[in-house]
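Working through the structure, step by step
The primary structure of each chain is shown beneath.
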Amino acid sequence: MITKSIENIGSWTIEMVERTGRIFIFLFTGLVHIFTLPLQIFKIIEHTWFIGTKSMVVIMLTGIFTGMVLGLQGYYTLIKFGSEGMLGSAVALTLIRELGPVLTAIMITARAGSAMAAEIGVMRISEQIDALETMNINPVRFIFSPRIVASVISFPLLTALFDVIGIVGGYITGSLMLGINGGIYIYRVSDSVVMADVTGGFVKSFVFAIVVTTVCCSQGYFTHLQTRGGFGAKGVSFSTTTAVVNSCVLILIFDYVITYLLL
Amino acid sequence: MKSPLIEFIDVKKSFGNNHVMQGVNLSIYEDEITVIIGKSGSGKSVLLKHIIGLMNHDSGKVLFRGEEISSMSRKKRVEFKRNFSYMFQENALFDSMNIYDNIALPLTETSLFSKQEIKKKVEMRMEQLEIQGTSNKYPAQLSGGMKKRVALARALITEPAIVLFDEPTTGLDPVRKNGVHAMIKSYREMFGFTAVIVSHEIPHIFEIAQRVAMIEKGKIIFQGTSEEIMNCDLNDVRIFISGDGDFLE
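What counts and how
- Residues numbered from 1 in each chain as written.
- Chains lettered and ligands numbered in written order.
- Predicted model: local features only at pLDDT ≥ 70, side-chain atom pairs only at ≥ 80, totals over all residues.
- Heavy atoms only, no water.
- Helix = DSSP H or I, 4+ residues; strand = E, 2+ residues; numbered from the N terminus.
- Rg over C-alpha atoms; globule rule 2.2 N^0.38 Å.
- Buried < 20%, exposed > 50% of the residue type's maximum accessible area, 1.4 Å probe, protein only.
- Contact = heavy atoms within 4.5 Å.
- Areas by Shrake-Rupley, 256 points an atom, 1.4 Å probe, with all protein chains shown as cover.
- Lys, Arg positive; Asp, Glu negative; His and termini not counted.
- Charge placed at Lys NZ, Arg CZ, Asp CG, Glu CD.
- Pairing = 2+ DSSP bridges.
- 1 Å grid on protein atoms, 1.4 Å probe; cavity = no way out; pocket = protein on both sides within 12 Å on 5 of 7 lines; lining within 4 Å.
- Points joined across faces, edges and corners; volume = space filled by probe spheres on them.
- Nonpolar A, V, L, I, M, F, W, Y, C, P; charged D, E, K, R; others polar.
- Buried area = accessible area lost by both parts, 1.4 Å probe.
- Salt bridge = Lys/Arg side-chain N within 4 Å of Asp/Glu carboxyl O.
- Polar contact = N/O pair within 3.5 Å; in protein donor to acceptor, adjacent residues only side chain to side chain.
- Axes fitted to C-alpha atoms, helices over the stretch in contact; angles between N-to-C directions.
- Parallel < 35°, antiparallel > 145°, perpendicular 65-115°, else oblique.
- Left-handed = near helix turned anticlockwise from the far one by under 90°.

A few words on the overall build of chain B. Within chain B one finds 8 helices and 10 strands. Over its C-alpha atoms chain B spans a radius of gyration of 18 Å, differing by no more than 12% from the 18 Å that the globule rule assigns to 249 residues. Taken over the C-alpha atoms alone, chain B extends approximately 55 × 45 × 40 Å along its principal axes. Among the 249 residues that make up chain B, the fraction classed as buried is 51%. Considering only intrachain contacts with a sequence separation of at least 6, the fraction spanning at least 24 residues in chain B is 65%.

In structure tokens:
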């Protein structure tokens, strides 16, 4: 009984070390191959369009409603202290420092991250990745490197879009619906936000881009090595779910770590 | 005596407790069609994947022109792989790419050909394989036979010295199966490559094979010509070729 438990802990530890090692080697290989010639410019543009441009609508929708909710909640909280004029600061700082990068990363994970994991997983089970190897094409370079560049471009830009739309959302509820002076709202936004807030938000979105892309692509790429979720289509489904869940959890963990380091 | 192009010496491979190859000894010769037969799950595809390095063996040696593949330097391995093309059982075409891009992929990704040169080569192969007019279509829009030809075009675009076929006729009707066999034979004559074919199509596949090997219980139990296997006295070979039901028991 005790031997069995120790055995289980041991095999679990070995599995975890192996898996972590695999992901780090995958990330390292992908990063190195970004710079190997010929540069994959067209593929980077194509993936930027998929990850970035096609996520714009969902980011704008989430951004506007997040800003509107913040405006609403903020107004009714601040009015208790007679400080409703500070609404602009509250909305802008909350969005730029925290909610913007985090919610943008989570929304991109849901839309593009899951698609990446599923697409690469299908490529794995239908031997397309093996086919690349037989053609002397490095699969990590072909599949992962352009996606990571596209994510590093898209995440900060979409975060900026989320922040701006969110601030507009806060203006709609705070100023247009609840009657705060529009000029004061805008003044508070520009007065309270300093460059360090914006930089901090972008650092987060940059880190999230690498985390999300690595987790989602590696889950798809190593679909054949996981045994818990079944094989074939079930395996791909398991990898996709795991990719999304792990990405979201890691976004929140990294958010805390980066915030702690930046403050 | 001819020396083998590819040689397996006492190669063993296991997946957990499943011992797929238990000491495989096999010789594949240049400019020949070698066919590997055996029951489903007997390790034919695993054997084929060992040739091109998609899988690594646990022990033994796999030699290419007398040199062990696993001990080749990275640079030499890249050169070695350039000799090969692999046609997968389910074609492994890229669903999200059109037919032209699928065929051109080995050239666009690994070589320094100009766009014009690549276009010329792809169009020539498409014409030879009678798949003109499908350039802008996607694999899902083609029939099984057409997909096979696209996969073959992709396999031949780099003008390889050796082509590995993993059950190239799976899922095809008898007429198309014979068509694929005839296609492999005629294109081998046309392009002059060495072919290794994993197949279940007995006895039709013997018509195009110069050499046949049978794998059974993780070992090669027979190697010889098509005529020799047809007249083989070994019980397992004889029963397998005749398709006797008792073999399953």
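To continue, consider the overall build of chain A. The number of helices and strands found in chain A is 10 helices and 0 strands. Order of helices (α) and strands (β) in chain A, N terminus to C terminus: α-α-α-α-α-α-α-α-α-α. Reported as C-alpha extents along the three principal axes, the dimensions of chain A are approximately 65 × 55 × 30 Å. Within chain A, the proportion of its 263 residues that are buried is 47%. Considering only contacts in chain A between residues 6 or more positions apart, those separated by 24 or more positions represent 85%. Counting only carbon and sulfur atoms, one obtains 75% of the accessible surface of chain A, whose full area is about 12,900 Å². Across chain A, the centroid of the 15 positively charged side chains sits 3 Å from that of the 14 negatively charged ones.

To continue, consider the environment of G63(A). Residue and element names in this part refer to chain A. You can see G63 is positioned in helix α3 (residues 56-78). Separated by 178 residues in the primary sequence, G63 and T241 have C-alpha atoms spaced 24 Å apart. Residues in contact with G63, not counting those within four places in the same chain, are F162, I165 and G166.

With that settled, consider the sheet that holds strand β2 (residues 18-28) of chain B. Residues and elements named next belong to chain B. Taken in spatial order, the 4 strands of this open sheet run β2-β1-β4-β5, and their pairing is antiparallel. Whereas interior strands pair on both sides, the edge strands pair on one side only; in this sheet they are β2 and β5 (67-68). Here strand β4 (residues 59-64) pairs with β5 via 2 bridges, running antiparallel. Bridging from a neighbouring strand, F64 pairs with E67 of β5.

Take the layout of surface pockets next. Looking at the second largest pocket, its volume works out to about 1,200 Å³. Taken together, 35 residues make up the lining of the second largest pocket; nearest its centre are F42(A), K43(A), E46(A), M97(B) and E109(B). In the lining of the second largest pocket, the residues fall into 20 nonpolar, 6 polar and 9 charged.

Before going further, it helps to spend a moment on the interface of chain B and chain A. Counting from both sides, the interface comprises 21 residues of chain B and, opposite them, 18 residues of chain A. Carbon and sulfur atoms supply 59% of the area buried between chain B and chain A, which totals about 1,600 Å² over both sides. Across the contact surface, chain B and chain A share 3 salt bridges. Connecting chain B to chain A are 6 residue pairs in polar contact (both at pLDDT 80 or more). Of all the elements in the fold, those that place two or more residues in the side of chain B that touches chain A are α1 (44-52), α2 (74-81), β6 (84-87) and α3 (99-110) of chain B. It is α3(B) that contributes the most residues to the side of chain B that touches chain A, 4 residues altogether.

Residues and elements named next belong to chain A. Running from amino to carboxyl end, helix α2 (residues 41-51) crosses helix α7 (residues 145-177) at an angle of 40°, the nearest separation of the two axes being 8 Å. Compared by their axis directions, α2 and α7 come out oblique. In terms of crossing hand, the pair formed by α2 and α7 is right-handed. Touching K43, I44, H47, T48 and I51 of α2 are P146, R147, V149, A150, S151, I153, S154, F155 and L158, all from α7. Looking at side-chain class alone, the contact of α2 with α7 contains 8 nonpolar, 4 polar and 2 charged residues.

So, on to empty space enclosed by the protein. In this structure the tally under the stated criterion is 2 cavities of 30 Å³ or more. Reported here for the largest cavity is a volume of approximately 50 Å³. H50(B), G53(B), M55(B), N56(B), H57(B), V62(B), I69(B), S70(B) and R77(B) are the residues that line the largest cavity. Residue classes in the lining of the largest cavity are distributed as 3 nonpolar, 5 polar and 1 charged. In this structure, the second largest cavity occupies an estimated 40 Å³ of space. Along its surface, the second largest cavity is lined by H33(A), I34(A), Q40(A), I44(A), S145(A), P146(A) and V149(A). When the residues that make up the lining of the second largest cavity are grouped by side-chain class, the tally is 4 nonpolar, 3 polar and no charged.

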